[in-house]
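One-letter residues, chain by chain:
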Amino acid sequence: RRDPCGRAGGGVAGTPVRTCIGCRRQAPVTDLVRVVAGPDGTLRLGRTLEGRGAWLCAASLECVRLADRRKAYARALRTTVAPAAAVELEAQLMG
């Protein structure tokens with residue numbers, strides 16, 4: 001996708017842009033946190049964790065709740081996610 005000036009991308013040059021699975025906002029990775037599903041269906045935060053990841057707006061509990069309501073975790077991570085995983089993720093973000 002190109003902006004009106006003809007440049008590709010949507011962020012600062014050299015900064016990767018990702019989409020939040022909660023609110024669907026595109027933002028540089030510096031404004032987002034990466035979520036990875038563990039082998040037991042839990043969700044973990046970390047940029048360098050192994051496995052398929054999804055992105056959420058940093059420190060946004062609303063995006064965590066939106067992603068849970070839309071069932072975006074299972075879809076984005078392509079795995080089964082435990083029913084209580086979003087509640088645990090909220091606790092990780094708050095604490």
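Note that the structure is a prediction, hence the values are computed from the model and not measured.

A.B. asks: I tried to follow the overall build of the protein chain on my own but got confused; where do I start?
C.D. replies: The helix and strand tally for the protein chain stands at 3 helices and 5 strands. In sequence order, the protein chain lays out its α and β elements as β-β-β-β-β-α-α-α. Put simply, the protein chain has 95 residues, and 33% of those count as buried. Taking contacts inside the protein chain between residues at least 6 apart in sequence as the whole, the part at least 24 apart equals 47%. Split by element, the accessible area of the protein chain, about 6000 Å² in all, is 52% carbon and sulfur.

A.B. asks: Quick question: what am I supposed to make of the sheet that holds strand β4 (residues 43–45) here?
C.D. replies: Pairing between sheet strands relies on hydrogen bonds along the backbone, with the strands arranged either parallel or antiparallel. The strand order across the open sheet built from 3 strands is β4-β3-β5, with neighbouring strands paired in antiparallel fashion. The outermost strands of the open sheet, each flanked by one partner alone, are β4 and β5 (53–57). The average undirected angle you get between the axes of adjacent strands in this sheet is 35°. Here strand β3 (residues 32–37) runs beside β4; their pairing, made up of 3 bridges, is antiparallel. Residue pairing for β4: Ala37 is matched across the bridge by Leu43.

A.B. asks: Is there a simple way to think about the nonpolar core in this case?
C.D. replies: Side chains of nonpolar character tend, in soluble globular proteins, to be buried together. Ranked by internal contacts, the top residues of the largest apolar core, which has 22 residues, are Ile21, Leu43, Leu56, Tyr73 and Leu89. Taken together, the elements giving at least two residues each to this core come down to β3, β5, α1 (61–69), α2 (72–77) and α3 (85–94). Per-element tally for this core: the top contributor is β5, with 4 residues. Non-local contacts of Ile21, meaning those with residues more than four positions away in its chain, are made with Ala54, Trp55, Leu56, Ala67, Arg70, Ala72, Tyr73 and Ala76.

A.B. asks: Hey, could you run me through the packing of α1 against α3 in this one?
C.D. replies: When two helices pack together, their arrangement is captured by the angle between the axes and the distance separating the axes. It is at 10 Å that the axes of α1 and α3 come closest, and there the two elements cross at 170°. With respect to their mutual orientation, α1 and α3 come out roughly antiparallel. Contacts between α1 and α3 pair Leu61, Val64, Arg65 and Asp68 from the former with Ala86, Leu89, Glu90, Leu93 and Met94 from the latter. Residue classes in the contact of α1 with α3 are distributed as 6 nonpolar, no polar and 3 charged.

The rules behind these values
- Residues numbered from 1 in each chain as written.
- Predicted model: local features only at pLDDT ≥ 70, side-chain atom pairs only at ≥ 80, totals over all residues.
- Heavy atoms only, no water.
- Helix = DSSP H or I, 4+ residues; strand = E, 2+ residues; numbered from the N terminus.
- Buried < 20%, exposed > 50% of the residue type's maximum accessible area, 1.4 Å probe, protein only.
- Contact = heavy atoms within 4.5 Å.
- Areas by Shrake-Rupley, 256 points an atom, 1.4 Å probe, with all protein chains shown as cover.
- Pairing = 2+ DSSP bridges.
- Axes fitted to C-alpha atoms, helices over the stretch in contact; angles between N-to-C directions.
- Core = buried A, V, L, I, M, F, W, Y, C linked by side-chain atoms within 4.5 Å.
- Parallel < 35°, antiparallel > 145°, perpendicular 65-115°, else oblique.
- Nonpolar A, V, L, I, M, F, W, Y, C, P; charged D, E, K, R; others polar.

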